[in-house]
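As a plain string of letters, each chain reads:
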Amino acid sequence: MSARGFELSYDDKTGSYEIRIYTPSAVADYETAFDYLKKLCAFLGNNKITTEDNETYTADTITAYNYKEQIGYALEAIYDDLKNSDHEYFEIFGLHRPVALNKKIIKEIIKTKEAVENFSSFITNLQYIDAYSARQKIYKKDDGSIFGVYTITETVPTIIPFTPCIEYENADTVKDSDVSQWLMGLVVIDGDPNDPGSYSVYKYIEHKKFVKRLPGKKYTVLDAKYILIQGLTRKEIESIAK
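Residues numbered from 1 in each chain as written. Predicted model: local features only at pLDDT ≥ 70, side-chain atom pairs only at ≥ 80, totals over all residues. Heavy atoms only, no water.

Quick look at unusual backbone geometry
- Across the junction of T23 and P24, the peptide omega takes the value -5 degrees, indicating a cis bond.
- Mapped onto the fold, P24 is located in the loop between β2 (16-21) and α1 (27-44).
- One non-glycine residue with positive phi stands out, namely N54, at about 65 degrees.
- The residue N54 is located in the loop between β3 (49-50) and β4 (56-57) in this model.
- Owing to a relative accessible area of 63%, N54 belongs among the exposed residues under this scheme.
- In this structure, T155 is a non-glycine residue whose phi angle is positive, near 75 degrees.
- With respect to the helices, strands and loops of the structure, T155 is situated in the loop between β9 (146-153) and β10 (158-161). (Helix = DSSP H or I, 4+ residues; strand = E, 2+ residues; numbered from the N terminus. Buried < 20%, exposed > 50% of the residue type's maximum accessible area, 1.4 Å probe, protein only.)

Points about the side chain of T153
- Its location among the elements puts T153 in strand β9.
- Apart from residues no more than four positions distant in its own chain, T153 is found in contact with V187, I189 and Y199. (Contact = heavy atoms within 4.5 Å.)

Concerning helix α4 (residues 115-127)
- Taking 1.5 Å of rise per residue, the 13 residues of α4 would be expected to cover 18 Å, and the 19 Å separating its terminal C-alpha atoms lies within 8% of that figure.
- Listed as buried for α4 are A115, V116, F119, S120, I123, T124, L126 and Q127. When α4 is viewed along its axis, its buried side chains cluster within an angular range of 160 degrees and face the same direction.
- Buried residues belonging to α4 abut α1, α2 (67-83), β5 (90-93), β6 (98-101) and α3 (103-110). (Expected span 1.5 Å × (residues − 1). Arc of directions from axis to C-beta.)

Observations regarding the pattern of salt bridges
- In the structure shown here, the tally under the stated rule is ten salt bridges.
- Here E108 ties to K111 by a salt bridge, and the two come within 3.3 Å at their closest N and O atoms.
- Overall, the relative accessible area of 57% leaves K111 in the exposed class.
- Close ionic contact of E167 with K225 constitutes a salt bridge, the shortest N to O distance being 3.3 Å. Taken together, the residues E167 in the loop between β10 and β11 (179-189) and K225 in the loop between β13 (219-221) and β14 (226-229) connect sequence positions 58 residues apart.
- Judged by relative accessible area, which is 4%, K225 ranks as buried.
- Overlapping salt bridges bring together E91, E167 and K225 as one network. (Salt bridge = Lys/Arg side-chain N within 4 Å of Asp/Glu carboxyl O.)

Description of the pairing of β6
- Bridging between β5 and β6 involves four bridges; their strand directions are antiparallel. Bridging from a neighbouring strand, F90 pairs with L101 of β6.
- Connecting the antiparallel pair β5 and β6 is a turn made up of four residues. (Pairing = 2+ DSSP bridges.)

Listed below in structure tokens is the structure:
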């Protein structure tokens, strides 16, 4: 299964198709891209493939491209950057959700001989968790102060950041320093779960308090930023909200 996918574009100036594979990606991302390249070559009747380093391959030889070395270099570069900066983590974007890598996580991965395979499994598994990724919402009060909200719904497994900060989709309009408060909206179900009218916000609670009050058995740390919360019962939500 693919973890990050790839981008396909067409360059009018060169009259060529370009496939971009993100760095670092999982092994399956490269394998999927190679398979697509082979089919594209057959469709176009052109068997020449050139990398950004001007290495030339054909549809039959493209799998010889040393992509595992590229993945390894990228992981090492991220690790070095984290060691030499104040950044707590490095965030990359997958098909379905972002993944945050810190020094500890990367060190555990790159210290083994199977570093590329371990990284591939790590990032791919995080893309296919059967859970809802809470969307960050930003609001402004009448007094001009800005606050952020994540929402969790009764019985729904949900992924949230352990410590919230402005996500990329809001980065163009607001900064972390602008946010005066982070909240969790606790949604409960009264009636038929298939009826949207059965859902209502039971209470808003400070994000930090919410995480602190979560029973340890109800959440799992996924990476350097995100946690997976198992579906909370109505009783658990009421207890957390007290």
